[in-house]
Amino acid sequence: MLRSLVGSEMCIRDRALPSLLLNFAVALAVIATNKYTLRGFPFPLTLVSIHYGFALACFRLFRTLGVLPPVQKGLRSRRTMAILGVSVGLQNGLSSASLAYNSTSVFQLTKLLATPSVVLVEYCLYEHRISPSRVLALAISTIAVGVVTWTSLTNQQSGSVAGVLCALSWVAFATANKISYSSIQQAELRASSAPLWQISIDFIGDTLMTSLASTALLALLVEFGTIVSARSERTETAAPFVALAQLLVSAVLALGIQFTSAFVLGATSATSHNVLGQLKSVAVLLIGWALFGEESSQLQVLSGVVSLGGIGLYTYLTASEKISQVAGSSHSMIGSPESPNTS
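Residues numbered from 1 in each chain as written. Predicted model: local features only at pLDDT ≥ 70, side-chain atom pairs only at ≥ 80, totals over all residues. Heavy atoms only, no water.

Some thoughts on unusual backbone geometry
Part 1 of the argument: Positive phi, normally seen in glycine, also occurs at Glu127, with a value near 60°.
Part 2 of the argument: Position of Glu127 relative to the elements: it lies in the loop between helix H5 (114-126) and helix H6 (132-153). (Helix = DSSP H or I, 4+ residues; strand = E, 2+ residues; numbered from the N terminus.)

Spelled out as structure tokens, the structure:
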């Protein structure tokens, strides 16, 4: 028993670093590629619809070829997954619109608001409480993100009212989706013997169709007329091969981020996933400055550093409290005379 546990733990550690590095590289590549693509193809909802269509076709192909394991029959109802799929589609559409209308720094830093939003909603709905030190860390990060967002409105090169509204709307959808997915995931883990990465893959596959339908419908209503008029008024068109290649690369990277995120969850802990997200934020800020020539004021840079530091402190405090709880429970089990010797 002990040898099998040690062996599985070593296997997980062997897969953790490659999974983290691959997810980190793909996440940065998809943000940079989408930002570049949206400059020549300013239709974020259509771009996300292309991503979902490509992902759905690949999932169907992978299932047919046996590359992906069979879908686990869990507790997910079709109605629940359909509603969640629509919500996830709208979330990703708003994320793409935020990237199109904002600078990469505003786009990435506003995403940090999802963590305090989740904590606040869980407190209101389920009375989940956290320590005062974690509340302070989240408050510092939230205020700093607010400063970055407000200063971006005064600088037309880094943000706009439409961009900020898209970013804040993304936070609302992301909060609802994170809480819903977490409850579904916990129920699946209790009822199924499937690993976490497979549950994540099945979840993605179950929501692709409705996500595609919601984003495609929005793209048809909002962007189709603009695309047609821009196409008819254009006298000199760019090379269609180059445009199609950009869209294909963007779709492949978007599919890659889905798979690598699932593998990271299966090979590491949730804390490692959160820390990786914060490292992505730092790298995205550097990409915006190095690749796209985005300039930020000293106040924005300082606020960005403070917001990242606040989320980093929150992650550290969360991990420390969990370690203390596990250590306390293990000590109580060792000290209990009723606990059997399993060594």
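There is more to say, and it comes next.
Observations concerning the confidence of the model for the protein
For residues with low pLDDT, the predicted coordinates do not support detailed interpretation.
Part 1 of the argument: Counting all residues, the mean pLDDT for the protein is 79, and 80% of those residues have values of 70 or more.
Part 2 of the argument: Confidence, expressed as mean pLDDT per element, reaches its minimum in the protein at helix H9 (residues 224-233) with 68 and its maximum at helix H2 (residues 44-65) with 93.
Part 3 of the argument: Every residue in residues 1-13 is under pLDDT 50, and counting partners more than four places away or in other chains gives one contact. (pLDDT = per-residue confidence, 0-100. Contact = heavy atoms within 4.5 Å.)

Here's the deal with the nonpolar core
Part 1 of the argument: Tyr52, Phe59, Ile201, Leu208, Leu255 and Phe259 are the most contacted members of the largest nonpolar core, which totals 20 residues.
Part 2 of the argument: Of all the secondary-structure elements, those providing two or more residues to this core are H2, helix H3 (78-101), helix H7 (161-191), helix H8 (196-222) and helix H10 (240-267).
Part 3 of the argument: Here this core gets six residues from one element, more than from any other, and that element is H2.
Part 4 of the argument: One finds Leu112, Ala137, Val148 and Val171 within the second-largest nonpolar core, a separate group that totals 17 residues. (Core = buried A, V, L, I, M, F, W, Y, C linked by side-chain atoms within 4.5 Å. Buried < 20%, exposed > 50% of the residue type's maximum accessible area, 1.4 Å probe, protein only.)

Details of a nonpolar patch on the surface
Part 1 of the argument: Residues Leu217, Leu220, Leu221, Val222 and Phe224 make up a contiguous nonpolar surface patch of roughly 530 Å² in combined accessible area.
Part 2 of the argument: The class of Leu217 is partly exposed, set by a relative accessible area of 48%. (Patch = residues over 30% accessible without salt bridge, like charges linked within 9 Å, V, L, I, M, F, W, Y side chains within 5 Å. Areas by Shrake-Rupley, 256 points an atom, 1.4 Å probe, with all protein chains shown as cover. Salt bridge = Lys/Arg side-chain N within 4 Å of Asp/Glu carboxyl O.)

A few points about the environment of Leu113
Part 1 of the argument: Tracing the sequence through the fold places Leu113 in the loop between helix H4 (104-109) and H5.
Part 2 of the argument: Once you skip the residues sitting within four places of it in the chain, Leu113 turns out to touch Thr142, Val145, Leu168 and Val171.

Some remarks on H5
Part 1 of the argument: For H5, spanning 13 residues, the distance from its first C-alpha to its last is 17 Å, which sits close to the expected 18 Å at 1.5 Å a residue.
Part 2 of the argument: Taken residue by residue, H5 has Ala114, Pro116, Ser117, Val118 and Val119 as its buried positions.
Part 3 of the argument: Just past H5, the residue Glu127 takes up positive phi, approximately 60°. (Expected span 1.5 Å × (residues − 1).)

Overview of the packing of H3 against H8
Pairs of packed helices are described in terms of their axes, by the angle between the two and the distance that separates them.
Part 1 of the argument: Where H3 contacts H8, the two axes come as close as 7 Å, and the packing angle between them is 55°. With respect to each other, H3 and H8 are oriented oblique. The crossing of H3 and H8 is right-handed. Here Met81, Ala82, Leu84, Gly85, Val86, Val88, Gly89 and Leu90 of H3 come into contact with H8, specifically with Phe203, Asp206, Thr207, Thr210, Ser211, Ser214, Thr215 and Leu218.
Part 2 of the argument: Residues that form the contact of H3 with H8 fall into these classes: eight nonpolar, seven polar and one charged. (Axes fitted to C-alpha atoms, helices over the stretch in contact; angles between N-to-C directions. Parallel < 35°, antiparallel > 145°, perpendicular 65-115°, else oblique. Left-handed = near helix turned anticlockwise from the far one by under 90°. Nonpolar A, V, L, I, M, F, W, Y, C, P; charged D, E, K, R; others polar.)

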